[in-house]
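What follows is the residue order along each chain.
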Amino acid sequence: MSLHVTFRVGNATYAVPAAQVLHLESYDTATHVPGAPAYVAGLVQVRGRLVPVVDLRVRFGLPAIEHSLDRRVVVVQNGTRVAGLLVDSAREVVQIDEAAYQKPPDIIEEQASGFVNGVATAAKRLFLLVDVPRIIGEELSHGE
Amino acid sequence: MSERVDLKEFIGGFVVEAEDLLATANACLLEIDTAISDGKSKPKAVRDLFRTLHTIKGLAGMVGVEPIMELAHALETLLRTADRAGGALQRGAVEVSLQAVRAIGERVRLVAEGRPVPAAPARLIEQINATDASSQTIEAPPEIGGEWDARLSASERQQVFLDVQRGVPAWTLVFVPSEDRAARGITIATVRTGLAAIGEIIKVAPRTQLDASGKQAGIKFEILLLSTAPAARLAEVIDADPATVVPIAVPVATAAASAEPVPELEPEREADISRIGRATVRVELDRLDELQDQLAAMIVSRFRLERELAAQHARGVDVRKLREVTDLQARQLRDLRRAILRVRMVRVAEVLEPLALLVRSVARTSHKEVRLELDVRDAELDKAVADRLLPALIHLVRNAVDHAIEPPDLRVAGGKPRVGTVRIACTELASKQLELMISDDGRGIDRDAVARRSHREILDNQQLLEVLATPGFSTRDAVTQTSGRGVGMDIVKRVAVQELGGELALDTQIGVGTTFTLKVPLTIAIVEVFSFECERQSFVVPVAAIEEIFELGDDRIEPPARPTAEANAKRVALVHRRGHALPLISLGARLAIDKGTVAKNALVIRHNGELIAFAIDRMLGRQEVVVRPVDDPLVRARGIAGATDLGDGRPTLVLDLMELGDLGERVGA
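Enquirer: Just to check I follow, could you spell out the overall build of chain A for this structure?
Expert: A count of helices and strands for chain A gives three helices and ten strands. Secondary structure elements of chain A, listed N to C terminal, follow the sequence β-β-β-β-β-α-β-β-β-β-β-α-α. Looking at the 144 residues of chain A, the share that counts as buried comes to 38%. Taking the intrachain contacts of chain A between residues at least 6 apart in sequence as the baseline, contacts between residues at least 24 apart amount to 56%.

Enquirer: When you look at the packing of helix 15 (residues 353-365) of chain B against helix 16 (residues 383-404) of chain B in this model, what are you seeing that I'm missing?
Expert: Two packed helices can be described by the angle between their axes and the distance between those axes. Residues and elements named next belong to chain B. Taken N-terminus to C-terminus, the directions of helix 15 and helix 16 make an angle of 30 degrees; their axes are 9 Å apart at the nearest point. One way to sum up the angle between helix 15 and helix 16 is to call them roughly parallel. Remark: the crossing between helix 15 and helix 16 carries right-handed chirality. Along its contact with helix 15, which presents Leu 355, Leu 358, Val 359, Val 362 and Ala 363, the element helix 16 presents Leu 393, Ile 394, Val 397, Arg 398, Val 401 and Asp 402. Split into classes, the residues belonging to the contact of helix 15 with helix 16 amount to nine nonpolar, no polar and two charged.

Enquirer: Would you take a moment to explain the sheet that holds strand 7 (residues 81-87) of chain A for this structure?
Expert: In any sheet, the strands associate via hydrogen bonds between backbone groups, in a parallel or an antiparallel arrangement. Residue and element names in this part refer to chain A. Pairing in this open sheet of five strands is mixed, and the strands run 3-6-7-5-4 from one edge to the other. Taken across any chain shown, the strands that pair with only one partner, and hence form the sheet edges, are strand 3 (21-26) and strand 4 (40-46). Sheet twist, expressed as the average angle between the axes of neighbouring strands with direction ignored, equals 30 degrees. Sheet topology places strand 4 next to strand 5 (residues 49-55); six bridges connect them, and they run antiparallel. Following the sheet pairing, Gln 45 is matched in strand 5 by Leu 50.

Enquirer: Would you mind showing me how to read the sheet that holds strand 1 (residues 2-9) of chain A here?
Expert: Residues and elements named next belong to chain A. On the basis of which strands lie adjacent, the open sheet formed by five strands has the order 8-1-2-10-9 and mixed pairing. The open sheet is flanked by strand 8 (89-96) and strand 9 (116-122), the only strands paired with a single partner. Shown here is a sheet whose adjacent strand axes are inclined to one another by a mean of 35 degrees, direction ignored.

Enquirer: Help me out: how do you make sense of the nonpolar core in this one?
Expert: Side chains of nonpolar character tend, in soluble globular proteins, to be buried together. Grouped together as the largest cluster of nonpolar side chains are 119 residues, with contacts concentrated most on A:Val54 and A:Val74. At eleven residues, the largest contribution of residues to this core is made by helix 16 of chain B. Taken together, domain 4 (346-521) and domain 5 (527-668) of chain B each give at least three residues to this core, which thus spans both. Those residues within four positions of A:Val54 in sequence are excluded, and the remaining contacts are A:Tyr39, A:Val40, A:Ala41, A:Arg59, A:Ala83, A:Gly84, A:Leu85, A:Leu86, A:Ile135, A:Ile136 and B:Leu634.

Enquirer: How do you make sense of the interface of chain B and chain A when you look at a structure like this?
Expert: The figure often quoted for interface size is the accessible area lost as the parts come together. Between chain B and chain A, the residue contacts involve 25 residues of the former and 20 residues of the latter. When contributions to the side of chain B that touches chain A are tallied by element, the ones reaching two or more residues are strand 20 (640-645) and strand 21 (651-655) of chain B. Its residues placed into classes, the side of chain B that touches chain A shows 13 nonpolar, six polar and six charged.

Enquirer: Would you explain the confidence of the model for chain B in this entry?
Expert: Residues shown with low pLDDT carry predicted positions that ought not to be read at fine detail. All names here are of chain B. Per-residue confidence for chain B averages 80 on the pLDDT scale, and 86% of its residues sit at or above 70. In the model, residues 1-6 has pLDDT below 50 throughout and makes one contact with residues more than four positions away in sequence or in other chains. Contacts for the low-pLDDT stretch residues 475-486, under 50 throughout, to residues beyond four places or in other chains number 27 contacts. Interface confidence for the predicted complex, given as ipTM, is 0.91, next to a pTM of 0.51.

Enquirer: Is there a simple way to explain the environment of A:Ala64 in this structure?
Expert: For A:Ala64, the position within the fold is in the loop between helix 1 (56-59) and strand 6 (72-78). The spacing of A:Ala64 and A:Gly10 is 54 residues in sequence and 9.6 Å in space, taken between C-alpha atoms.

Enquirer: Looking at this structure, how should I read unusual backbone geometry?
Expert: Glycine aside, negative phi is the norm for most residues, and most peptide bonds take the trans geometry. Residue and element names in this part refer to chain B. The phi dihedral of Glu 535 falls on the positive side, at around 50 degrees, and the residue is not glycine. Relative to the elements of secondary structure, Glu 535 occurs in the loop between strand 11 (525-534) and strand 12 (537-542). The class for Glu 535 is buried, based on 21 C-beta atoms found within 10 Å. For Arg 536, which is not glycine, the phi torsion reads 65 degrees and is therefore positive. Along the polypeptide, Arg 536 turns up in the loop between strand 11 and strand 12.

Enquirer: How do you make sense of the pairing of strand 9 of chain A when you look at a structure like this?
Expert: Looking along a regular strand, one sees side chains alternate from face to face of the sheet. Residue and element names in this part refer to chain A. One ladder, built from six bridges, connects strand 9 with strand 10 (residues 125-130); its direction is antiparallel. Of the residues in strand 10, the one forming a bridge with Ala 122 is Arg 125. Taken together, strand 9 and the strand that follows it, strand 10, pair antiparallel across an intervening segment of two residues, in which Ala 123 is found at a positive phi of about 50 degrees.

Enquirer: I tried to follow the packing of helix 3 (residues 66-84) of chain B against helix 4 (residues 91-112) of chain B on my own but got confused; where do I start?
Expert: All names here are of chain B. Two elements in contact, helix 3 and helix 4, have axes separated by 10 Å at closest approach and are oriented at 155 degrees. Classified by the angle between their axes, helix 3 and helix 4 sit roughly antiparallel to one another. Judged by the sense of rotation from one axis to the other, the crossing of helix 3 with helix 4 is left-handed. Contact residues: helix 3 offers Pro 67, Ile 68, Leu 71, Ala 72, Leu 75, Leu 78 and Ala 82, while helix 4 offers Ala 93, Ser 97, Ala 100, Ala 103, Ile 104, Arg 107 and Val 108. Here the residues of the contact of helix 3 with helix 4 are counted per class, giving twelve nonpolar, one polar and one charged.

Rules of the game
Residues numbered from 1 in each chain as written. Chains lettered and ligands numbered in written order. Predicted model: local features only at pLDDT ≥ 70, side-chain atom pairs only at ≥ 80, totals over all residues. Helix = DSSP H or I, 4+ residues; strand = E, 2+ residues; numbered from the N terminus. Buried ≥ 20, exposed ≤ 12 C-beta atoms within 10 Å, placed from the backbone. Contact = placed C-beta atoms within 7 Å. Axes fitted to C-alpha atoms, helices over the stretch in contact; angles between N-to-C directions. Parallel < 35°, antiparallel > 145°, perpendicular 65-115°, else oblique. Left-handed = near helix turned anticlockwise from the far one by under 90°. Nonpolar A, V, L, I, M, F, W, Y, C, P; charged D, E, K, R; others polar. Pairing = 2+ DSSP bridges. Core = buried A, V, L, I, M, F, W, Y, C linked by C-beta atoms within 7 Å. Domains from an automatic or database assignment. pLDDT = per-residue confidence, 0-100.

This is the structure we're talking about:
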């Protein structure tokens with residue numbers, strides 16, 4: 001069992017291992033970076049650090065939502081890189097047994113499926129485990 | 001005067017020197033103060049202080065700042081009296097001297113800012129004049145022997161006597177300068193430096209040499225030195241026969257009062273000579289910045305060379321030999337850059353020097369007993385970082401003494417040592433950052449009290465720090481007195497996080513103490529920029545990149561709009577400027593953020609020798625900012641050189657217009 005931070009994007013609930021999460025931040029706006037991929041909401045400053053933010057709605061191919069106070073930036077660390085995941089809301093931390101992860105069935109969230117590498121049930125609810133390296137475009141950094 | 005003197009440069013030199021001297025003065029006063037606490041006297045520090053003030057007075061005279069001269073003079077008189085009486089200062093005299101040095105410091109700063117300097121405070125001058133310098137009039141010190149007795153001041157004799165009693169031999173060395181010696185690099189300056197390294201020079205007396213017929217035949221120096229070094233070593237320094245170097249026999253046990261008048265301590269001309277031997281040079285930061293700008297320009301031209309080389313290579317030209325040279329040059333540039341960075345580094349210990357004085361004065365006014373402990377070893381920091389960091393450290397240390405450390409009685413009652421400790425330690429991190437920890441063993445910060453006062457829930461130290469650093473989270477009322485901290489924490493955070501791009505953390509435990517941890521970069525890139533708006537987004541560009549800024553009128557020729565954004569981004573208009581037609585690129589379109597706003601201004605850059613104008617909405621201002629790299633692959637984009645914080649806590653992009661101009665070039669090609 002290990003702790004996971006869970007968050008919602010669209011109609012599904014996702015999870016990311018708490019060990020990868022640096023902090024949760026409320027979201028107002030990000031500085032648009034011209035020339036960056038469309039799924040990059042922009043740059044924010046979190047505790048003195050410049051953090052690029054990936055809009056998961058855009059990344060998962062979902063329609064944009066109105067500005068909402070519930071939106072959060074889940075700041076994650078992947079190797080030496082730090083990035084923010086912009087989500088609809090993030091409230092809970094749950095214990096999930098890694099052993100209970102299954103390969104995601106093809107039908108779920110077809111757009112997001114490429115960014116999900118497992119499905120687990122905990123407290124009788126279904127969580128999709130997100131693939132952080134893919135979301136933050138780890139392939140971009142190998143492209144040089 | 002017939003010629004105009006560049007007063008500004010002159011004043012700059014004065015300020016630099018005066019600040020240096022004031023630091024020395026403060027260090028001397030602290031040394032004297034510590035000695036008094038231990039029941040000792042420090043004749044040498046009193047004498048150094050006297051000379052320092054005399055030099056300040058002289059400098060102030062050169063730039064004509066009367067109030068500084070007056071203050072320095074009054075203090076000088078006080079110290080001369082003290083010196084004559086054997087070099088002991090009373091506590092009250094130290095206090096008054098500190099005030100006077102502070103008053104001088106304030107006036108130096110005003111001079112630096114080009115503002116009018118107020119007269120010396122009459123009350124302070126009166127106080128100085130009324131101060132009884134010495135606590136006791138020491139009996140005239142014992143005789144040393146030889147001619148020295150008549151040539152030394154009382155305090156100098158006192159010092160020689162005390163040191164000889166401690167077993168340090170005193171020597172009279174004679175150095176005779178000659179052309180031959182000068183040719184071998186041995187001069188009075190090198191002798192001074194050499195002797196100062198192995199002992200303490202009490203006096204250097206130049207004397208005229210007479211030949212057999214009594215005529216003047218050159219000059220020699222007699223040097224009174226206290227040193228434990230062997231005679232042979234001393235002889236080597238002064239280039240003399242070791243047999244002639246013998247210690248002088250000072251009568252150790254005598255304390256006979258001498259009735260003869262002691263010569264006055266004269267501000268010594270030698271003080272100026274001694275400066276020649278120093279192995280350091282003071283350089284104004286502006287000049288270093290200039291050097292760095294030049295280096296940056298060189299790096300840019302190297303890239304251009306590299307690009308040309310690649311183009312030649314693509315055309316089938318054999319460029320292997322040339323490439324070897326450019327590779328070598330790249331390494332040399334990197335080394336040069338590193339060397340320049342090293343020049344900018346200052347020792348952290350030196351940066352923290354003023355804090356000892358601060359702790360002392362705050363402890364006094366708040367009736368605390370506090371010791372400042374520094375554990376900074378030989379860490380170094382970019383001068384630009386250090387200058388920005390110091391105000392934050394001052395806030396933290398002042399708060400620690402003023403609010404965190406308990407009054408002595410309370411500490412004793414609580415089972416703590418009577419004297420509180422404020423400790424500053426630092427470590428260099430692998431991430432090219434310096435971690436500074438400012439800790440105290442005071443009362444700790446009461447999280448609940450802060451929560452009640454701020455009406456916010458505080459669950460951890462991070463949240464506590466956020467509340468404390470809220471601008472306007474005020475202090476100085478009863479609640480904060482008990483909650484412990486808060487003065488100016490917004491300033492500390494602004495410096496650490498916004499100005500320096502660092503981090504700030506807090507750890508506190510009730511009754512045990514508080515530690516603030518600051519992580520700051522060892523060096524920062526500070527750039528002067530223009531800020532402006534384009535399509536309602538703010539950007540900045542380095543001032544150095546801009547040739548000209550002008551308002552756009554109607555006199556431009558717009559090409560027809562293209563059907564796609566991509567094609568629009570490559571559109572180039574023409575604008576009339578001083579008889580030339582300049583290519584005008586819409587920055588909004590180039591960045592693909594075009595919302596159809598009518599551009600009112602243009603920024604002109606020189607791009608491969610040609611002028612190009614970028615159309616923007618409006619100018620916002622000009623300021624110095626810290627540029628941080630934007631290097632995550634997610635946000636790495638053409639024309640984005642980095643990001644900065646203009647003070648709103650949000651990143652603002654730094655644009656590289658040269659790179660954006662490149663796109664224009666491709667259009668024509």
